Amino acid sequence: VWFHFEKAAVALSTMASGFRGFSVLLRLSAVLLLLPGRSGLSAPISSADGWLNVTLRVEVATVHLNFQNISFRARTYNGSFPGPHLRVSPGDRVRVLLRNALGADLPGAGCRAPLDHLRASNSTNLHVHGIYDDAVQDNTFVCVSPGEDFEYTYKVDKELGTSMLWYHPHLEGSSAMQVCGGMAGFFEIVDEAEDAMFDFAATLPLMIQMLEFNPASKEYIGACLDNGGTSDLPLRFSNPHNFTGRLLLASGEVGTFLALGTGELARLKVVNAMSGTATMLHFGFWGPSASVCTLHVLAYDGVYLHAPRRQRSVLLPPGGKADVAVSCSAPGQHTVGTLTIGAEDVGGLFDTELHPIVSLEVTGPGGRTAKLPDALPGPPPYYADLRQVQVDQRHSILFGNEAGDNVVGGWPYNGSVSHVAHRNTVQEWSLYGGEGVGMEKLHPYHQHMVHFQIISRSGGSELMAAVGDYRDTVPLYKDVNYTVRFVVPFTGPMMVHCHILKHQDLGMMTLVNFTDALPPVRLASRPLHLAPLARVLLALCMLSVAAALCACFAGRRSVRDGCCHSNYVRVA
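Residues numbered from 1 in each chain as written. Predicted model: local features only at pLDDT ≥ 70, side-chain atom pairs only at ≥ 80, totals over all residues. Heavy atoms only, no water.

### As for the sheet that holds strand β4 (residues 86-88)
Next up, step 1: Taken in spatial order, the 5 strands line up as β1-β4-β9-β8-β6 in an open sheet, and their pairing is mixed. The open sheet has two free edges, formed respectively by β1 (45-46) and β6 (127-129), since each of these has just one partner strand. (Pairing = 2+ DSSP bridges. Helix = DSSP H or I, 4+ residues; strand = E, 2+ residues; numbered from the N terminus.)

The structure is reproduced here in structure tokens:
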């Protein structure tokens, strides 16, 4: 069915070559009709009547790329690459049944294998990256073994507004491998009333993933999915044209197109879901298109800015997200893709070659000439501006060391807590990179549960992170560090880790425990008030001692009479 549909689409596209927009629509239609195991866009699974109930089945599927007939086997969500697109509204409740349909882990390499090692290739769990929730709902500590189910429930905060998040596995020892194989999906929150302030001709979610086909690379797809020898899943890799380069995929596709009229606005919701070490994503318009097209950032990490921010390009660490508005004033094909100009000194940058993310097929004149609002919703109410408030507690976190070990504060992850903070307190944390020199070695900082506000940044440019913004992931280098603040909203353990997921798998993670604060102990300014019974007992004891001492001194009884010790009373 797919083969014949593709042939028909190509034929119709050729017939309609004089109408560029129609050709683009046909290509987009082709990627919307997907069979299990095929990569590409899929229609969102949306909530209804305040609820979203969905099953994510972790299963093996053969992934077919739309590039040179490449295919391979991988662990997937519901047989698709990337996983299903989930869409909810503020205030909704979400129930996700995570069903592990994989075969058994290799003996000795399951969830009971030591932490800070690659392990548990067929076990899994789930993390909604960027969600404002505690570790009971967003449980990344559980191990869902092969053949097991686990139910996740979430309550989307009603004050959140429109926000693009994403979900992926988070089991220490296999998260990088599973994300590498395509286990990732959109978790989109849409506030329709809030979105009415915009005049977008199109909105396009873009899940950015990377596949490496060079067998000599450490990130070669075969090595990635082997997970250090802990996986026995046959790759069954088909590469008929012997492609040996890197592919940048946008929602599972190589070469995504979007039809747009001159002067119209499109919203791109970009998620950097790459698994690997060179995964800093720097993108913008290519070449002459930069002079006739504009790019404005609306939100970082699912949190609106206070106003649209015009930028030449956007820099996202792995795990990072950005909503951007694009528009072009001249017809033609205008490509948004990876850039090196403006990020020459950035370590861990994805590739030096240009890779397309989306090509805008712009025809003119458009149906409308749209304008962005001057002001945006800004952060939700629970993310207040903390730059001038009093700090309750300070802490520092160091990722990596000079030796290149996968450690936080000098220690690999062992499941223990490295810091305790109390709920409703203002935390100020200093974040440091400890490996390499300058901006050589990348370690993206990510924390669960709650975003943090950038108070200051040393080194790097505003592309890394701007002061005042709320983020959940920022790039750390030896010479790029941050001071951040946040208010502790929940209780329970919060994960803090490097979002180069293999670094996390090998130990670059720690736990911070959030607790309810005990009432402060105040010293009494007047005599201590004891319970009545305690006062009576104390009085009786004091009377007994006084009576005995009086008897000793008055009668001068000897030690042998059992009255007093000779060290205290001289015996005549």
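### Some points on the sheet that holds strand β12 (residues 257-261)
Next up, step 1: Read from one edge to the other, the open sheet built from 5 strands follows the order β12-β20-β19-β14-β17, with strand pairing classed as mixed. Because the sheet does not close on itself, it has two edges, and the strands there are β12 and β17 (313-316). Averaged over all adjacent pairs, the angle separating strand axes in this sheet is 20 degrees, with direction ignored.
Next up, step 2: Judged from the 6 bridges that link them, strand β19 (residues 332-338) and strand β20 (residues 356-363) form a sheet pairing that is antiparallel. (Axes fitted to C-alpha atoms, helices over the stretch in contact; angles between N-to-C directions.)

### Examining the environment of T230
Next up, step 1: Looking at where T230 falls in the secondary structure, it is placed in the loop between α5 (221-226) and β11 (246-250).
Next up, step 2: Sequence separation between T230 and P107 is 123 residues; the distance between their C-alpha atoms is 9.2 Å.
Next up, step 3: Side-chain polar atoms of T230 contact the side chain of S121, separated by 2.6 Å.
Next up, step 4: At 2.8 Å, the side chain of T230 forms a polar contact with the backbone oxygen of N227. (Polar contact = N/O pair within 3.5 Å; in protein donor to acceptor, adjacent residues only side chain to side chain.)

### A few points about the packing of aromatic side chains
Next up, step 1: In total, this model carries 19 aromatic pairs according to the counting rule given.
Next up, step 2: These aromatic residues form a ring-pair network of at least three members: Y132, Y382, Y383, Y470 and F490.
Next up, step 3: The residue whose ring lies beneath R267 is F198, and the NZ or CZ to ring-centre distance is 5.3 Å.
Next up, step 4: Directly above the ring of Y300 sits R471, whose terminal nitrogen or CZ lies 4.3 Å from the centroid. (Phe/Tyr/Trp six-rings, centres within 6.5 Å; stacked < 30°, edge-to-face > 60°. Lys NZ or Arg CZ within 6 Å of the ring centre and 35° of its normal.)

### Focus on the state of the cysteines
Next up, step 1: Using the criterion set out here, one finds 3 disulfides in the structure.
Next up, step 2: Note on cysteine connectivity: C180 is disulfide-linked to C224, with sulfurs 2.2 Å apart. Within this pair, whereas C180 is found in helix α3 (residues 175-180), its partner C224 is found in helix α5, the two being separated by 44 residues in sequence. Side by side, C180 and C224 carry an identical accessibility label, which is buried.
Next up, step 3: A disulfide bridge connects C293 with C328, and the sulfur atoms are separated by 2.1 Å. The S-S bond linking C293 to C328 shows a torsion near 105 degrees; that makes this disulfide right-handed. Linking C293 in strand β15 (residues 293-300) with C328 in strand β18 (residues 321-328), this pair joins segments that are 35 residues apart in sequence. (Disulfide = S-S within 2.5 Å. Buried < 20%, exposed > 50% of the residue type's maximum accessible area, 1.4 Å probe, protein only.)

### A word on the environment of A421
Next up, step 1: Along the chain, A421 falls in strand β22 (residues 417-422).
Next up, step 2: Given a relative accessible area of 0%, A421 falls into the buried group.
Next up, step 3: Remark: the alpha-carbon pair of A421 and A517, spanning 96 residues in sequence, is separated by 8.3 Å.
Next up, step 4: The residues touching A421, leaving out its near neighbours within four places in the chain, are Q393, Q427, V488, N513, F514 and T515. (Contact = heavy atoms within 4.5 Å.)

### With respect to unusual backbone geometry
Next up, step 1: Of note, the amide linkage connecting F81 to P82 takes the cis form, showing an omega dihedral of -5 degrees.
Next up, step 2: Relative to the helices and strands, P82 resides in the loop between β3 (71-77) and β4.
Next up, step 3: The phi angle at N69 is positive, at roughly 55 degrees, despite the residue not being glycine.
Next up, step 4: Residues other than glycine seldom take positive phi values, yet M449 does so here, at roughly 75 degrees.
Next up, step 5: Given the relative accessible area of 5%, M449 is considered buried.

### What about the pairing of strand β30 (residues 509-515)?
Next up, step 1: Of all 7 residues making up β30, 5 are buried, and the element is well covered by its neighbours.
Next up, step 2: Pairing of strand β29 (residues 492-498) with β30, which is carried by 6 bridges, proceeds in the antiparallel orientation. Bridge pairing in β30 links G492 to F514.

### Some words on the pattern of salt bridges
Next up, step 1: This model, assessed by the stated rule, comprises 20 salt bridges.
Next up, step 2: The salt bridge partner of D374 is K371, with a shortest N-O separation of 3.4 Å.
Next up, step 3: Note on D374: relative accessible area 65%, which makes it exposed.
Next up, step 4: In this structure, the salt-bridge partner of K478 is E402, at a minimum N-O distance of 2.4 Å. In this pair, K478 is assigned in the loop between β27 (473-476) and β28 (481-487) and E402 in the loop between β21 (393-399) and β22, connecting sequence segments 76 residues apart.
Next up, step 5: Judged by its relative accessible area of 57%, E402 is exposed.
Next up, step 6: Put simply, D301, K321, R471 and D472 are held in one network by salt bridges that share partners. (Salt bridge = Lys/Arg side-chain N within 4 Å of Asp/Glu carboxyl O.)

### Let's talk about the pairing of β12
Next up, step 1: A large share of β12 lies buried, amounting to 4 of its 5 residues.
Next up, step 2: As paired elements, β12 and β20 share 5 bridges and run parallel to each other. Opposite A259, over in β20, you have E361 as the bridge partner.

### Side note on the nonpolar core
Next up, step 1: In this structure, L126, F187, F399, W429, L431, Y445 and Y482 are the most contacted members of the largest nonpolar core, which totals 68 residues.
Next up, step 2: If one sorts the elements of this core by residue count, strand β2 (residues 51-64) sits on top with 4 residues.
Next up, step 3: Ignoring sequence-local partners within four residues, the contact set of Y482 consists of W429, S430, L431, I454, S456, R457, M464, A465, V474, P475 and L476.
Next up, step 4: Core analysis: the second largest hydrophobic core is formed by 43 residues, A266, F283, Y300 and L360 among them. (Core = buried A, V, L, I, M, F, W, Y, C linked by side-chain atoms within 4.5 Å.)

### Details of the environment of V326
Next up, step 1: On the secondary structure map, V326 appears in strand β18.
Next up, step 2: On the accessibility criterion, V326 (1% relative accessible area) is buried.
Next up, step 3: Sequence spacing of V326 and A266 is 60 residues, and the spatial spacing of their C-alpha atoms is 5.4 Å.
Next up, step 4: Apart from residues no more than four positions distant in its own chain, V326 is found in contact with L260, E264, L265, A266, L268, F285, T294, L295 and L360.

### Comments concerning the side chain of T473
Next up, step 1: The residue T473 is located in strand β27 in this model.
Next up, step 2: Here T473 falls in the buried class, since its relative accessible area comes to 0%.
Next up, step 3: A distance of 3.2 Å separates the side chain of T473 from the side chain of H129, its partner in a polar contact.

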